[in-house]
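A look at the structure
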Amino acid sequence: MPQWVEQGYREYAQRMPPLCQLELVEIAAKKRGKNADTARILRDEAQSLQSAIPKGALTIALDRKGKHIDTQQLASKMQSWIDESQDVAILIGGPEGIDPYYLNTVGTKWSLSAMTFAHPVVRVMLAEQLYRAWSINANLPYHRGD
């Protein structure tokens, strides 16, 4: 990842308290060549994603066609996860997204936007939104929206 992505992610991850620690598990994207078998690559990446998810974790896949939630809803969900001591794994797909078959097995799908973003940008955006949600629950002045 470019340095600005690592810096941006780290900025928000370091702000989180131990109770809501962010742990980044990066699955290296498979090499894609001119005649790459994209379907196979996506299946392989899905297997790697699945292997990285902690047992018992609530799994949420980010997908452009997923459910739209706002920051207040995220804060509410985060508080529920904290109250229930629920580990959560939020999946960010690679350049082509997440394998469609695997995506259909994930019970919860969220969309950050109807737009498509580069996955490095999503990493920073998601970390910021998680920090924002936590700051709402902690009554910090970071969130100034509705």
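Presented here is an overview of the structure given in this document. Values in this document were obtained by computation on a predicted structure and should not be read as measured data.

The rules behind each value
- Residues numbered from 1 in each chain as written.
- Predicted model: local features only at pLDDT ≥ 70, side-chain atom pairs only at ≥ 80, totals over all residues.
- Heavy atoms only, no water.
- Core = buried A, V, L, I, M, F, W, Y, C linked by side-chain atoms within 4.5 Å.
- Buried < 20%, exposed > 50% of the residue type's maximum accessible area, 1.4 Å probe, protein only.
- Helix = DSSP H or I, 4+ residues; strand = E, 2+ residues; numbered from the N terminus.
- Contact = heavy atoms within 4.5 Å.
- Salt bridge = Lys/Arg side-chain N within 4 Å of Asp/Glu carboxyl O.
- Pairing = 2+ DSSP bridges.
- Axes fitted to C-alpha atoms, helices over the stretch in contact; angles between N-to-C directions.
- Parallel < 35°, antiparallel > 145°, perpendicular 65-115°, else oblique.
- Left-handed = near helix turned anticlockwise from the far one by under 90°.
- Nonpolar A, V, L, I, M, F, W, Y, C, P; charged D, E, K, R; others polar.

**A word on the nonpolar core**
Counting residues in each nonpolar core, the largest one holds 22 residues, and the members touching the most others are M16, L22, L74, M78 and W110. Only helix 1 (3-15), strand 1 (58-68), helix 3 (71-83) and helix 5 (119-137) provide two or more residues apiece to this core. Tallying contributions element by element places helix 5 first for this core, with eight residues. Discounting chain neighbours no more than four positions away, the residues touching M16 are L22, M78, L130, Y131 and W134. Among the nonpolar cores identified, the runner-up in size contains eleven residues, and A46, A57, L91 and V106 belong to it.

**Describing the pattern of salt bridges**
The full count for this structure, using the stated rule, is four salt bridges. A salt bridge links E26 to R123, with the shortest nitrogen-to-oxygen separation between them at 3.4 Å. Placement of E26 in the loop between helix 1 and helix 2 (38-52) and of R123 in helix 5 is noted, with a sequence separation of 97 residues between them. Linking R132 and E128 is a salt bridge whose minimum nitrogen-to-oxygen distance equals 2.8 Å. You can see R132 and its partner E128 sitting in helix 5, four residues apart, about one turn around the helix. Judged on exposure class, the residue R132 and its partner E128 are both buried.

**Thoughts on the sheet that holds strand 3 (residues 108-111)**
Taken together, three strands build an open sheet; the order of strands is 2-1-3 and the sheet is parallel. The outermost strands of the open sheet, each flanked by one partner alone, are strand 2 (88-91) and strand 3. For this sheet, the mean angle separating the axes of adjacent strands, direction not counted, is 40°.

**Description of the packing of helix 1 against helix 5**
Put simply, helix 1 and helix 5 touch, their axes get as near as 9 Å, and they point 15° apart. Viewed along their axes, helix 1 and helix 5 adopt a mutual orientation that is roughly parallel. For helix 1 against helix 5, the interelement crossing comes out left-handed. The segment helix 1 lies against helix 5, with W4, V5, G8, Y9, Y12 and R15 engaging P120, V121, R123, V124, A127, E128, Y131 and W134. Residues of the contact of helix 1 with helix 5, tallied by class, amount to ten nonpolar, one polar and three charged.

The quantities given are spatial measurements derived from coordinates; they are silent on function.
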